[in-house]
Amino acid sequence: MAESYHIAIIGAGPAGLSAAGRAAHHDKESGASNPTYVLLEGFSTFAKTIQKYQKGKHVMDTPGFLDLRSPVPFVAGTREAILDGWQNSIDTDGINIRYNSEVTAIEGERGNFSIKTSSGETISAEHVIMSIGTQGNPRTLGVPGDAESDFVLYTLDDPEEFQKETIVVVGAGDAAIENAIALAEYNKVYIVNRRNEFSRAKDGNLNAVLAAINDKSRDFHCFYETNIGGLELPDAPGAAGAIILNTATGEERVECHRIIARLGTLPPRKFVESCGIEISSPSADAVPDVDNEYMSNVPGLYVIGALGGYPLIKQAMNQGYDVVEYIHGNHVEPVDTPILKKKFQGLPIKMPTPEEVLSLYQSKIPMFRRMNPLAFRELIIESRILVGLEPGEFDRTPADDDEHATVFIKDGEPVYQHGEYSTSFYTLVEGEVRMQLDEDGAWHDIKPGQFFGEMSLISGRPRQGSAIAERDCILIETPRRIMVKLMNSNEEVRAGIDRVFIIRALQSAFKPNLSLAEMAEIADNVESCQFKPGEAIFREGEEGDALHLIRSGTVTLSRGKEQLVVAKRHSGEIVGQMALMGSPMRRDTATAAVRAETLKVRRPEFLKMANSQPDTVEKLQDGLSTLLRQTNSMASQPESSRAIGFLMDQGLGEATNALVIDEALCVGCDNCEKACAETHGGISRLRREEGASFASLHVPIVCRHCELPHCMKDCPPDALRRSPTGEVFISDTCIGCGNCETNCPYDAIKLSYQPKPKPSLFSWLFFGRGSGPGEPDSFTPTDASKNSGKKAVKCDACMNLAGGPACVRACPTGAAVRLGPEQFIELVEAR
Amino acid sequence: MHESLLSWQRFRYLYIALALAGASIVLYITQSGNTAQPPNGGTWQGYTLGTVGALLILWLSLLGIRKRQYSSNVGSVQSWASAHVYLGIALLVVATLHCAAQFGWNVHTLAYVLMCLVIGTGIYGLYVYLHLPRAMARNHAGRDVNSWMKELGDVDDGIRDAAGNVDADLQAMVLSALDLTRLGGGVFAQIFAQDRCRVQTGSGVISNQGQQALIDELSRRIPDARVVREAETLNELMALFGRRQVILNLLRKDVQYRALLKIWLYFHVPLTMALLVALTIHIIVVFLYW
């Protein structure tokens, strides 16, 4: 008969360990002789994601405002200290953990789940907690004997651990190539590639692996078009085994000491869906829907941790505790309840519990009505509650500095102003807000249940027009990152916001005199298009029947055989209108300079809008004439248009504040770098000499404060922020995870220890103390800075310095300037 | 947008410097009516010019401090540099009029000479600052130095590979050419872009300037090659050394530009220090003999 448990927990990460610890606690209290739960782990150790961190990595315990509620300890510290603590907890609490038990299927229903593992076991359980994270399991070799062992490894921590061995690396991705090249320093290496080329690798790795294979002096060999036929495990540890390879020319046996298989991971989604759990959105970041108690659509099957959309360790551990309590029928108050109370404290009408406020608000906002309550709760936790007060009352009410407290605003004051860089999203719960779509545009009334601010949310551009709190308003202000997460996982919210965006974008661009119903009909016929960098929107010489209203990103117009760039257009602007206003033949090629989204408006819809408001046609014609003059002027200056093309190639199409150096003026004194280091704790965020140049314009490696910053995409503690004036900066909640460094396509973020403070300029100048101004070539971090770990550093455009960017102010020759995108044309034409 | 330090703020400091020089000349001329006291540093006009000159020298030398006060808001470094250039040149007029061209073998003239040397090195510095950056950028041909260094490394790897297929003599020669390559070096080597590359031949170590010795040797051997493969390898080596020659020249030129952009400061700054000392002595001595 199969083993049977009350609770089966799948995945021994922080969430799973915490749940198992709590379940063990219940067993102890009830005096159960056998554990009533089992923790199943597919890998040979617990918390494999954290085990894979580099040695000594500092792990943070954000968010600081949440308390830990778990029998398993967790405070910020080194990877080793945390893993030791968990190991200790597993040992002393006698946690019933089973390693190497990858779950392959879950069937059945509440009270009678049947769980199959890769080792052929079947376990039955009344409740199942899924805490498998989002990393997925490594793909295995798929032949007998391929379980992780000393002989077969699916990860490689330290390549220098192995020397003078014969090692077979299986895989053709970046991880396989990097491992193989590192191992080849001291070992004989074979790399096995299923295909006939390394097409998945990054350029750098591709060149490196080809160079290594062709280098006759190195013991580095490659098998192309080869599959794994089988393994001969070594007889004794340390002895050689062998791998059987099915090559294009027949079977081959290669003796080796070790096999490193880097075949990528299997994302968990397929497995999750095979268990009957629904994920409503096709987006890759989508998470399963769960109720207030973390239960999925399959009764008795719970989802917690990163898989449920909570990537922070502490959140995951708290959920592990809570979910076990819920299964035991204890309806504990969630650990974040005090935060909700704080948020609702300043509301004009008091309600007994925060849950009641939540359900009232959710019912008032049509778009959020059908959201799952847990997701709505999370949305409110991450949002600010803004309450409007009459001026007199506002002055009497003391402000609370707590980051979760209700925020008071004065009636008649702006919620945001034209030109401000903010990307948060506002939902009106009560009262009234007035809003414009352009700086001088007409005022629109926003009623309770409606939202605004979606333009900047989607385009990343500064606010167009202002929004003013009228009276007694209650607003939910949600940060962009939370809205993006929600839009990715909730199709209804995404479609709702999108629709309003389209209507307002059309209203702003064409100022039609049409009813909302008519606009909605037009919006239904407008197509949203997405373009990758470099992708053509339309080509010169084609016949066109539509114009494109740019929603986000930058589009260049280019012309002729050489495709000279004659104009660049931003979000909110139109390209291709000639086809509808003059001849249908496209005069230019429109290309997405960076990832871009457009709204494609065809002739019937365009005519309907244009005919409703005669002024519009005139304005559009004026706009077109201006554009034509511009393009004509650029087309007659090929040098300028080549320079613009160069700037766009460097990704400045998405820049809001870019450093551009004139090489004809730069004397290479590096005072800019020194100024950067001296004003930013000793670390320069600017690498002057690196980066591309063209016609004496040089784009150094430094942050250009993108419209939609890539770095802000995936920051677990939300440490990357954007100031109202546009600077993208890193707050001190950074945990040093390195996601931003990886996500930045411009290499502008690095991880660094904090260097020691330097002696003063005078003691360097007169007594030769310290290394002088600027970032030292190398430094040994103090123990204190090692303990607090490496943190991400990047340019903040000196937002806290009165005089503006230090790099520019320190340049003695005027070579360094910082520019906004609107100045690029002027820059190249001035040359 | 990009603005040179000379034209900064529409030549603001050029006009200020011209005004200062003009005012100094007027002041100087007012001395000429007095036949008992010809123009010199001792008249009230002379003292005024001297005071202005001394204050100017002090202020001009403060650029070294301001340049390193990175959070300072007292003008941008470029505005300081622009003022430094124009007022520094105007100082020549002020100081010459102050001393009324009375020279001798004394500490006063020493201070004057040091000042002229500081201004002279400064003018040279200005010249290189204005002319070399463009030449340097042109020399980089749109790439950064690291990428040229990397290409050099790749070429060398290619040469090492190919050298495995030639006879032992040539192999030794080729590899020695890589080992005996020199870039940079002492101050003179940097400034004059001296090519001190050498190569080991059967008859000893000889100069391999411009990689020419090796290219010559290869070109001699190619017609003698007995087998097609040997000729191919030799041709490949020759092409690689040709490319190496180009990259090395480019890098050497780069080193030269960098050295020239810096070297003048090694005179300008210490001379300034010496000037400050001489100036102090000059002022003390003048007051001692009042």
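Counting from 1, residues in each chain are numbered in the order their sequence is written. Each chain is given a letter, starting from A, and each ligand a number, starting from 1, according to the order in which they appear as written. With pLDDT at 70 or above as the cut-off, local features in this predicted model cover only qualifying residues; side-chain atom pairs require 80 or more to be listed or tallied, and sums for whole chains, interfaces and linings still use all residues. For the side-chain quantities, the full set of heavy atoms in the structure was used; hydrogens and water were omitted.

A. Representation of the sheet that holds strand E17 (residues 258-261) of chain A. Residues and elements named next belong to chain A. If DSSP finds at least two bridges between two strands, the strands pair. Secondary structure is summarised from DSSP: a helix means a run of H or I of at least four residues, a strand means a run of E of at least two, and numbering begins at the N terminus for each. One open sheet accounts for five strands, arranged E10-E17-E11-E12-E13; its pairing is parallel. This sheet does not close on itself; its edge strands, each paired only once, are strand E10 (152-153) and strand E13 (220-223). Summarising the sheet, strand E12 (residues 188-192) and E13 pair through four bridges and their orientation is parallel. Among the inter-strand pairings, Ile-191 is bridged to a residue of E13, identified as Cys-222.

B. Spatial organisation of the domain arrangement of chain B. Residue and element names in this part refer to chain B. Taken as a whole, chain B is organised into domain 1 (8-141 + 264-288) and domain 2 (145-262). Start and end positions for the domains come from either an automated domain assignment or a database one. Inter-centroid distance (C-alpha atoms) of domain 1 to domain 2 is 48 Å. Of the roughly 1100 Å² buried where domain 1 meets domain 2, counting both sides, 64% is carbon and sulfur surface. In short, buried area is how much 1.4 Å probe accessible area vanishes from two parts on joining, totalled over both. It is Met-136, Asn-139 and His-140 in domain 1 that bury the most area against domain 2; as a group they hold 51% of the surface buried on that side. Counted as a polar contact is a pair of N or O atoms within 3.5 Å, where, for protein atoms, one must be capable of donating a hydrogen and the other of accepting one, and residues adjacent in sequence contribute only when both atoms are in side chains. On inspection of domain 1 and its partner domain 2, the count reaches six residue pairs in polar contact (both at pLDDT 80 or more). The element contributing the most residues to the side of domain 1 that touches domain 2 is helix H5 (residues 107-140), with eight residues. Of the residues contributing to the side of domain 1 that touches domain 2, the split by class is 10 nonpolar, two polar and no charged. Under this grouping Gly is polar, as are all residues other than the nonpolar Ala, Val, Leu, Ile, Met, Phe, Trp, Tyr, Cys and Pro and the charged Asp, Glu, Lys and Arg.

C. Spotlight on the side chain of Ser-641 of chain A. Residues and elements named next belong to chain A. Here Ser-641 shows up in helix H20 (residues 638-649). Only protein chains enter the calculation, and the probe is 1.4 Å; a residue is then buried if its accessible area is under 20% of its type maximum, exposed if over 50%, and partly exposed in between. Exposure remark for Ser-641: the relative accessible area of 1% places this residue in the buried category. In terms of polar contacts, Ser-641 uses its side chain to reach the backbone carbonyl oxygen of Pro-638, at 3.1 Å. In this description, contact between two residues means that some pair of their heavy atoms is separated by no more than 4.5 Å. Setting aside its immediate chain neighbours within four residues, Ser-641 contacts Leu-564, Val-565 and Met-634.

D. Structural view of the interface of chain B and chain A. Contacts between the two partners involve 28 residues from chain B and, on the opposite side, 41 residues from chain A. Across the interface of chain B and chain A, roughly 2900 Å² is buried in total on both sides, 60% from carbon and sulfur atoms. When residues of chain B are sorted by the area they lose upon contact with chain A, Met-1, His-2 and Tyr-70 of chain B head the list and together hold 31% of the total. Every case where a carboxyl oxygen of Asp or Glu lies within 4 Å of a side-chain nitrogen of Lys or Arg is listed as a salt bridge. The interface formed by chain B and chain A contains one salt bridge. In this structure, Glu-689 of chain A engages Arg-258 of chain B in a salt bridge whose closest nitrogen and oxygen atoms are separated by 2.5 Å. Of all the elements in the fold, those that place two or more residues in the side of chain B that touches chain A are helix H4 (77-99), H5, helix H6 (145-163) and helix H10 (228-263) of chain B.

E. Expanded view of the domain arrangement of chain A. Residues and elements named next belong to chain A. If you check the domain split of chain A, you get domain 1 (3-135 + 267-327), domain 2 (152-265), domain 3 (337-489), domain 4 (529-636) and domain 5 (648-829). Each of domain 1 and domain 5 has a C-alpha centre, and the two are 41 Å apart. At the junction of the two partners, domain 1 supplies five residues and domain 5 supplies 11 residues. Both faces combined, the contact of domain 1 with domain 5 buries some 610 Å², and carbon together with sulfur accounts for 60% of it. At the junction of domain 1 and domain 5, the tally comes to zero salt bridges. Here domain 1 is connected to domain 5 by zero residue pairs in polar contact (both at pLDDT 80 or more). Taken together, the residues that form the side of domain 1 that touches domain 5 break down as two nonpolar, two polar and one charged.

F. Representation of the nonpolar core in the model. Residues and elements named next belong to chain A. Among buried residues, those of type Ala, Val, Leu, Ile, Met, Phe, Trp, Tyr and Cys that are joined through side-chain atoms within 4.5 Å constitute a nonpolar core. Within the largest apolar cluster, 61 residues are counted, with the highest numbers of intra-cluster contacts made by Phe-46, Trp-86, Ile-106, Ile-115, Ile-129 and Met-130. Ranked by the residues each element gives to this core, the list is headed by helix H7 (residues 313-327), at seven residues. Formed by 56 residues, the second largest nonpolar core is a distinct cluster that contains Phe-368, Phe-376, Val-493 and Ile-522.

G. Examining the packing of aromatic side chains more closely. Residue and element names in this part refer to chain A. When two rings of Phe, Tyr or Trp (its six-membered ring) have centres within 6.5 Å they constitute a pair, described as stacked for plane angles under 30 degrees, edge-to-face for angles over 60, and tilted for the intermediate range. Overall, the coordinates contain 18 aromatic pairs over all chains when judged by the stated rule. On the basis of an interplanar angle of 35° and a centroid distance of 6.1 Å, the ring pair of Tyr-294 and Tyr-326 is categorised as tilted. With Tyr-294 in the loop between helix H6 (269-274) and strand E19 (301-303) and Tyr-326 in helix H7, this pair connects stretches of sequence that are 32 residues apart. Comparing Tyr-294 with Tyr-326, the two get one shared label, buried. Ring plane angle 75° and centroid distance 6.1 Å describe the contact between Phe-344 and Tyr-361, whose orientation is recorded as edge-to-face. Taken as a pair, Phe-344 in helix H8 (residues 337-344) and Tyr-361 in helix H9 (residues 354-364) lie far apart in primary sequence, 17 residues in all. Residue Tyr-361 is classed as buried on the basis of its relative accessible area, which comes to 4%.

H. Representation of a positive patch on the surface in the model. Patch criteria: residues need more than 30% relative accessible area and no salt bridge. Like-charged residues are merged within 9 Å; nonpolar side chains of Val, Leu, Ile, Met, Phe, Trp and Tyr are merged within 5 Å. Per-residue and other accessible areas were derived by the Shrake-Rupley procedure at a 1.4 Å probe size, with only the shown protein chains allowed to occlude residues. Only four residue types enter the charge count: Lys and Arg as positive, Asp and Glu as negative, with His and the chain ends excluded. To locate a charge, take NZ of a lysine, CZ of an arginine, CG of an aspartate or CD of a glutamate. Side chains of Arg-139, Arg-194, Arg-195, Arg-200 and Lys-270 of chain A sit close together on the surface and give a patch of like positive charge. Relative to the helices and strands, Arg-195 of chain A resides in the loop between E12 and helix H5 (203-214).

I. Main features of the side chain of Glu-378 of chain A. Residue and element names in this part refer to chain A. With respect to the helices, strands and loops of the structure, Glu-378 is situated in helix H11 (residues 373-382). Although Glu-378 lies buried, it forms no salt bridge, and the closest oppositely charged side chain, Lys-485, sits 4.8 Å away as judged by the N-O distance. Residue contacts for Glu-378: discarding those within four places in its chain leaves Tyr-310 and Gln-315.

J. Quick peek at the pattern of salt bridges. Residues and elements named next belong to chain A. Counted by the stated rule, this structure contains 54 salt bridges over all chains. The salt bridge involving Glu-454 is made with Arg-504; its shortest N-O contact spans 2.8 Å. With a gap of 50 residues between them, Glu-454 in helix H13 (residues 454-459) and Arg-504 in helix H15 (residues 491-510) connect regions that are remote in the sequence. Taken individually, Glu-454 and Arg-504 each receive the classification buried, so the pair is uniform in this respect. Glu-639 serves as the salt-bridge partner of Arg-642, at 2.8 Å between the closest nitrogen and oxygen.

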